[in-house]
Amino acid sequence: MGVEIRVEGLTKSFGSQTIWQDVTLTLPAGEISVMLGPSGTGKSVFLKTLVGLLKPDRGSIFIEGRDLVTLRESDLYEIRKLFGVLFQDGALFGSMSLYDNIAFPLREHTRKSESEIRQIVNEKFELVGLQGAEDKLPGEISGGMRKRAGLARALVLDPEIILFDEPDSGLDPVRTAYLNQLIVDLNAQIDATFLIVTHDINTARTVPDNIGLLYHRHLAMFGPREMLLSSEEPVVRQFLNAQRIGPIGMSEEKDADELAAESGQELPPLPPIPMQLGTSDGTVRRHQREPGGWCRDNGVTPPPRSFSDDSMSEPVAS
Ligand SMILES: Nc1ncnc2c1ncn2[C@@H]1O[C@H](COP(=O)(O)OP(=O)(O)OP(=O)(O)O)[C@@H](O)[C@H]1O
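All values reported here derive from a predicted model rather than from experimental measurement.

Rules used throughout
Residues numbered from 1 in each chain as written. Predicted model: local features only at pLDDT ≥ 70, side-chain atom pairs only at ≥ 80, totals over all residues. Heavy atoms only, no water. Buried < 20%, exposed > 50% of the residue type's maximum accessible area, 1.4 Å probe, protein only. Helix = DSSP H or I, 4+ residues; strand = E, 2+ residues; numbered from the N terminus. Contact = heavy atoms within 4.5 Å. Axes fitted to C-alpha atoms, helices over the stretch in contact; angles between N-to-C directions. Parallel < 35°, antiparallel > 145°, perpendicular 65-115°, else oblique. Left-handed = near helix turned anticlockwise from the far one by under 90°. Nonpolar A, V, L, I, M, F, W, Y, C, P; charged D, E, K, R; others polar. Near = heavy atom within 4 Å. Polar contact = N/O pair within 3.5 Å; in protein donor to acceptor, adjacent residues only side chain to side chain. Areas by Shrake-Rupley, 256 points an atom, 1.4 Å probe, with all protein chains shown as cover.

Trainee: Looking at this structure, how should I read helix 1 (residues 43-50)?
Mentor: Among the 8 residues in helix 1, 6 count as buried, and that is most of the element. Residues Lys 43, Val 45, Phe 46, Leu 47, Thr 49 and Leu 50 constitute the buried set of helix 1. Phi turns positive, to about 85°, at Gly 52, one or two residues after helix 1.

Trainee: Would you mind going over the environment of Ile 79 with me for this structure?
Mentor: On the secondary structure map, Ile 79 appears in helix 2 (residues 73-80). In sequence terms Ile 79 and Val 51 are 28 residues apart; their C-alpha atoms lie 8.5 Å from each other. Not counting the four nearest positions on each side in its chain, Ile 79 is found in contact with Ile 63, Arg 66, Leu 68 and Leu 71.

Trainee: Help me understand the packing of helix 3 (residues 98-109) against helix 4 (residues 114-127) in this model?
Mentor: For any two helices packed against each other, the geometry comes down to the angle between their axes and how far apart the axes lie. It is at 10 Å that the axes of helix 3 and helix 4 come closest, and there the two elements cross at 120°. In terms of their interaxial angle, helix 3 and helix 4 are classed as oblique. The two elements helix 3 and helix 4 meet at a crossing, and its hand is right-handed. Residues Leu 98, Tyr 99, Ile 102, Ala 103, Leu 106 and Arg 107 of helix 3 pack against Glu 114, Ile 117, Arg 118, Ile 120, Val 121, Asn 122 and Phe 125 of helix 4. Split by residue class, the contact of helix 3 with helix 4 holds 9 nonpolar, 1 polar and 3 charged.

Trainee: What is the right way to look at the site of the ligand in this model?
Mentor: Taken together, 13 residues lie near the ligand, and Gly 40, Lys 43, Ser 44, Val 45 and His 199 sit nearest. Here Val 45 contributes a backbone N or O atom positioned 2.9 Å from an oxygen atom of the ligand. The fraction of the free accessible surface of the ligand (640 Å²) that becomes covered by protein chains is 60%. Residue assignment for the shell around the ligand shows that the elements contributing at least two residues are strand 2 (17-27) and helix 1. Counting residues per element, the shell around the ligand draws most heavily on helix 1, at 3 residues.

Right, dumping it as structure tokens:
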């Protein structure tokens, strides 16, 4: 069914380098959330902290009423079983067939028989559309297939929460579109809580229920997709619309001179809010919101032509 993750006042640093501080957000149960941010803002560190691989300096991560940050290693082990993680490169063992890679967590963490394992592994192969590739080695398949195999492995212990670390990295736009569709279909089928770290603006604009933006060592905003896509907040507006004008510079923040030079320039209008990507068979996800619902409920007028079919054909350059 998916579980809620409530993050409160989370702060992480390495030595004297603060990565982010005071991050507070709730990943709603069963919903798809995306975390965005310029390179190096600590998105991967955030994922690793959620799953308990890194310890924060301060703050709490509540899952099912327990604070992960204060748990002993033995209890943390139990909570970690709720998570499936798709790492950037799939993190597959190069010398094992895809079948053995995907069976690995079941052989390591359960006492299931080989025939039970076969049944589960076959089911996951089918779920990610990799039937027939069981005997291949990771080096023999394309990057897109490796991501699918990594996803099948992340699913094998039936997680309640799935973390995707840049699922689209290294994929061409067509493969990214297929993977995004798989993510949405999967969410409809298994109803787990999804968090996706991505750089891909089109993914961020169309796939999730919620969007977060890490910037300059803090969480600039987190909330429903329509809230961020209609936001006039300069950093959010610049990032989600892939524009040069705004506070984000080439390496970090722009300095005062750079900002002054831009001060007379008019910002391009907000592009239409696209329709959210639906499931491939038309079934409605349990947490899917009605298009325009957030804007209407909050008295926000969305940009012209939002939520129309032609808004889908206007991808934002990323
Ligand atoms: N184990 C570690 N020890 C010390 N510093 C680290 C460690 N892991 C990450 N960092 C630093 O934390 C910062 C954030 O890294 P992270 O990989 O989370 O960024 P990111 O937002 O995911 O970047 P990108 O979008 O480029 O993948 C970087 O400056 C990185 O060098």
